[in-house]
Protein chains: 2
Amino acid sequence: MLQAVGIVSEYNPFHNGHLYMLEQAKQATGADVTVAIMSGNWLQRGEPAAYDKWQRAHAALLGGVDLVIELPLFSAVQPSHLFSKGAVDLAAKIKCRWLAFGAEHPEMDYQKLIDHQPKNPADFKRFDRPYASVFQDYLFEKTGIRLNQPNDVLGFGYAKANVEAGRPLSLVPIKRKGSQHDATQIDDVSPIASATAIRQAVVKHDLKAADRVVPKGTMGMLEHDRMLTWQDFWPFLRFELVESPIEKLHQIYQMTEGIEYRLKRAAIKAESFTEFLHLVKTKRYTYTRIQRLCTYVLLHAVPSDMLQAAGYVRLLGFNAVGQRYLNQIKGDLDVPLITKITDDVVADTIQMDFRGGMLTQMINGLSQDYYRHPIIME
Amino acid sequence: MLQAVGIVSEYNPFHNGHLYMLEQAKQATGADVTVAIMSGNWLQRGEPAAYDKWQRAHAALLGGVDLVIELPLFSAVQPSHLFSKGAVDLAAKIKCRWLAFGAEHPEMDYQKLIDHQPKNPADFKRFDRPYASVFQDYLFEKTGIRLNQPNDVLGFGYAKANVEAGRPLSLVPIKRKGSQHDATQIDDVSPIASATAIRQAVVKHDLKAADRVVPKGTMGMLEHDRMLTWQDFWPFLRFELVESPIEKLHQIYQMTEGIEYRLKRAAIKAESFTEFLHLVKTKRYTYTRIQRLCTYVLLHAVPSDMLQAAGYVRLLGFNAVGQRYLNQIKGDLDVPLITKITDDVVADTIQMDFRGGMLTQMINGLSQDYYRHPIIME
């Protein structure tokens, strides 16, 4: 029996830090198989993936991941607690024994935080600060633990979701290595840089800097594939915000407190996505929250679209080890394993992934769902 | 007292045929003032105006029109009977004594056609032919009059709307001169060419051919302004059709008989607007009807947006004669005369014109409503 470790990932793009994390996950668990639970074309911070899901899955397979499955968009583009829950549930569905993830403080006592959660999170509603920071202050007061680093917050989410699901997984937090999560520059010595810094280097056409901090497979992607940014989608976003009646915008998922008026005014005025974000920003709304909201607008996503649990496993690619693992588990799956895209699959199952993929396809011209089969690495 | 003749127009672009028609209208009526009732940024056939409403109003004023007012979009982008009604009502509101329009057969007995209209137009619903052609066959059978030329059909609409409104206007059909309405080439001798042929010449960068068939004022526009085509709006249309749920598309004005499924499938597949139209076309749906439907999709227009009567007169420009006329009538207007655009005017009054204008603005970068004042010709 092969045992698998799931790795929650965006691989945007897959770099040496991810490679290190992959090794650490195998070493810490002794797993036979690595399964990337990878976000598709839209990411947790409400951003388009810089490369599409096929390009990123391919780079991950070239980097040594055995199996890549798509974290459905309705989980992938969510605040941390829903993102975490989606990832945990999917890892359990694909029968992983472990779930590995990067963390700033892997030693953190998640259980203590879980035990001291507030009873009424709604009490934290304030108009001058984001919910997350008020929530974090509360936890710090109760536990002395400062939960404010992005991957620690996700880690707490995995722990909580795992408890709620009856602990189907052993959690394996792995200390992040190398530069700061959001460092925007590749430094001259470290073999590890942040994904943000690598994307910035691509924007600046400085592929030489990127070459030292990504594996060969990723380098091929950076050299040949079109990188996507929010600015590519800005015309669509602007169109939708300008042309939709306010009452339609109001129906969008997480469109609360009248922010639709603010979004519409800013879209009429702004000439670029950066200018738009700047016009919309308030003390209460973080850039991440605004970007996620914009993603929902592009997707025409209403609450019922986004508050789903994954009823399927979408396969993006695998190598020989991944294939053996699939053969081992496929008889036991209690959800469909999706490898072929038909009209019915699009309409009934992967609706939101399809909409997210079409957004990308309308920019990069590459089909994301129809006619695409899982990548098989020889 | 100045007496005005209203001229229903799209001026897409204003050319020698329009100049001829303007002279004929003055001569036939003895009017002191010419008032263009001009479509804004979207036209009756469901097409974007090749130049924006300000550029076209300016060319019309340079061509000698005294006053240009905007036919509201909810009348301008409609089948002929609603288009005609909107134009007649607006001409009456601005106190025109006459309404002039081009016609293939100005001698046609509109009253006879009106008297023989079918009682139950719904009986003409057929799935293998457009409504209009079945309707025209019926009229021919009853009256011996063949009503199948586009401007004759509109003329019949004006006559009918005028009767229904209590005959506020004297109708002045003027025989179209020069080339066929839809000729796509400028010939070598005639000083008059169709607007279609002129736009084609611009597409082919053959401004020399256009020079002979348009007045100087229009030539400046053709030389300096960006011409718009449906292909410019195709990315927005595709985005909207692909990303909107079917049930949202179903709510769009005139989205009947399940054609939303057909539009969505075609949008997912097509790479250009031409390819898209070709995929959608059926025996029952004319290209014009499909294009209008696509315009409504871009505008997020539901029936209540489009089934309105003009409660305002939007001024685009005037010369000294036009100004005297405005001074004469403005005390008598029973609707607001809109010259300045505020948030309230956009939200409460010109909502649809604004949405149509923003579509143009997102392509040509020129504000269509905010900060724009009527053009004053010295």
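Residues numbered from 1 in each chain as written. Chains lettered and ligands numbered in written order. Predicted model: local features only at pLDDT ≥ 70, side-chain atom pairs only at ≥ 80, totals over all residues. Heavy atoms only, no water.

Chain A appears in an unreviewed UniProt entry as tRNA(Met) cytidine acetate ligase from Lentilactobacillus buchneri subsp. silagei CD034. You can read under Catalytic activity (unreviewed entry) in the UniProt record for chain A the words "cytidine(34) in elongator tRNA(Met) + acetate + ATP = N(4)-acetylcytidine(34) in elongator tRNA(Met) + AMP + diphosphate". Database annotation for chain A, UniProt heading Subcellular location (unreviewed entry): "Cytoplasm". (UniProt positions renumbered as here; feature names shortened; annotations may be inferred.)

Secondary structure assignment for chain A yields 19 helices and eight strands. Its C-alpha atoms give chain A a radius of gyration of 20 Å, near enough to 21 Å, the size a compact globule of 378 residues would have. Its C-alpha atoms give chain A principal-axis dimensions of about 55 × 50 × 50 Å. Within chain A, buried positions represent 58% of all 378 residues. For chain A, the share of sequence-separated contacts (at least 6 apart) that also reach a separation of at least 24 residues comes to 74%. Accessible area of chain A: about 15,800 Å², with a carbon and sulfur share of 51%. (Helix = DSSP H or I, 4+ residues; strand = E, 2+ residues; numbered from the N terminus. Rg over C-alpha atoms; globule rule 2.2 N^0.38 Å. Buried < 20%, exposed > 50% of the residue type's maximum accessible area, 1.4 Å probe, protein only. Contact = heavy atoms within 4.5 Å. Areas by Shrake-Rupley, 256 points an atom, 1.4 Å probe, with all protein chains shown as cover.)

Below, the discussion takes up helix 17 (residues 320-329) of chain A. Along an α-helix, a turn takes 3.6 residues, which lines up residues three or four apart on a common side. All names here are of chain A. Residues of helix 17 that are buried include every one of Gly322, Tyr325, Leu326 and Ile329, and no others. All buried residues of helix 17 project into a common sector of 100 degrees when viewed along the axis, lining one side. Exposed side of helix 17, more than 90 degrees from the buried face: Ala320 and Arg324 are the residues found there. The elements touched by buried residues of helix 17 are strand 1 (4-9), strand 2 (33-39), strand 3 (67-71), strand 6 (313-318) and strand 7 (337-338). Its side-chain oxygen 3.0 Å from the backbone nitrogen of Val321, Asn319 forms the N-cap of helix 17. (Arc of directions from axis to C-beta. Polar contact = N/O pair within 3.5 Å; in protein donor to acceptor, adjacent residues only side chain to side chain.)

Residues and elements named next belong to chain A. Burial of strand 3 is extensive: five of the five residues sit out of reach of the surface. Across five bridges, the pairing between strand 2 and strand 3 is parallel. Across the sheet, residue Met38 finds its bridge partner in strand 3, namely Glu70. Handedness of the β-α-β unit built from strand 2, helix 2 (residues 53-62) and strand 3 comes out right-handed. (Pairing = 2+ DSSP bridges. Right-handed = clockwise from strand over helix to strand, strands pointing away.)

This part is about the pattern of salt bridges. Applying the stated criterion across every chain yields a total of 20 salt bridges over all chains. Here Glu164(A) ties to Lys160(A) by a salt bridge, and the two come within 4.0 Å at their closest N and O atoms. Remark: Lys160(A) and Glu164(A) occur in helix 7 (residues 150-164); sequence separation between them is four residues, near one turn of the helix. By relative accessible area, which is 23% here, Lys160(A) ends up partly exposed. A salt bridge links Glu70(B) to Lys53(B); the nearest nitrogen and oxygen atoms lie 3.1 Å apart. Of the two residues, Glu70(B) sits in strand 3 (residues 67-71) while Lys53(B) sits in helix 2 (residues 53-62), which places them 17 residues apart along the sequence. For the pair Glu70(B) and Lys53(B), one class covers both residues: buried. When salt bridges with common partners are traced through the structure, they connect Lys53(A), Glu70(A), Arg314(A) and Asp369(A) into a single cluster. (Salt bridge = Lys/Arg side-chain N within 4 Å of Asp/Glu carboxyl O.)

To continue, consider the interface of chain B and chain A. Interface size, as often reported, equals the accessible area lost upon joining of the parts. Counting residues at the interface gives 23 residues for chain B, matched by 23 residues for chain A. Surface buried jointly by chain B and chain A totals about 2,200 Å² across both partners, of which 65% is contributed by carbon and sulfur atoms. By the criterion of area lost to chain A, the three top residues of chain B are Phe239(B), Glu243(B) and His300(B), representing 29% of everything that side buries. Our count for the contact surface shared by chain B and chain A stands at zero salt bridges. Taken together, the links from chain B to chain A amount to four residue pairs in polar contact (both at pLDDT 80 or more). Sorting the residues of the side of chain B that touches chain A by element identifies helix 11 (230-243), helix 15 (287-299) and helix 19 (351-364) of chain B as the ones contributing at least two each. Here the side of chain B that touches chain A takes seven residues from helix 11 of chain B, the largest share from any one element. Looking at the side of chain B that touches chain A residue by residue, the class counts come to 14 nonpolar, four polar and five charged. (Buried area = accessible area lost by both parts, 1.4 Å probe. Nonpolar A, V, L, I, M, F, W, Y, C, P; charged D, E, K, R; others polar.)

Right, let's get into the relation of the copies chain B and chain A. Note that the two copies of the chain are related through a rotation about an axis and a translation along the same axis. Turning chain B through 180 degrees and shifting it by 0.0 Å along the axis lays it on chain A, with an RMSD of 0.0 Å. With respect to symmetry, the two chain copies, as superposed, fit the operation of a two-fold axis. Within chain B, the C-alpha atom positioned nearest to the axis of rotation is that of Phe236(B), 3.2 Å from it. With an isologous cut-off of 70% or more, the 100% of interface residues of chain B that recur at the interface of chain A puts this contact in the isologous class. (Least-squares fit on C-alpha atoms with pLDDT ≥ 70 in both.)

Our focus in this paragraph is the side chain of Thr295(B). Locating Thr295(B) in the fold gives a position in helix 15. Every residue in contact with Thr295(B), bar those within four places of it in the chain, is listed here: Trp42(B), Gly46(B), Glu47(B), Val77(B) and Trp230(B).

All names here are of chain A. We note that the domain assignment places domain 1 (4-108 + 155-180 + 216-222 + 309-376), domain 2 (113-145) and domain 3 (230-305) within chain A. Computed from C-alpha atoms alone, the centre-to-centre distance between domain 2 and domain 3 is 27 Å. Listed per partner, the contact involves six residues of domain 2 and four residues of domain 3. Counting each side, the surface lost to burial between domain 2 and domain 3 is near 470 Å², with a carbon and sulfur contribution of 57%. (Domains from an automatic or database assignment.)

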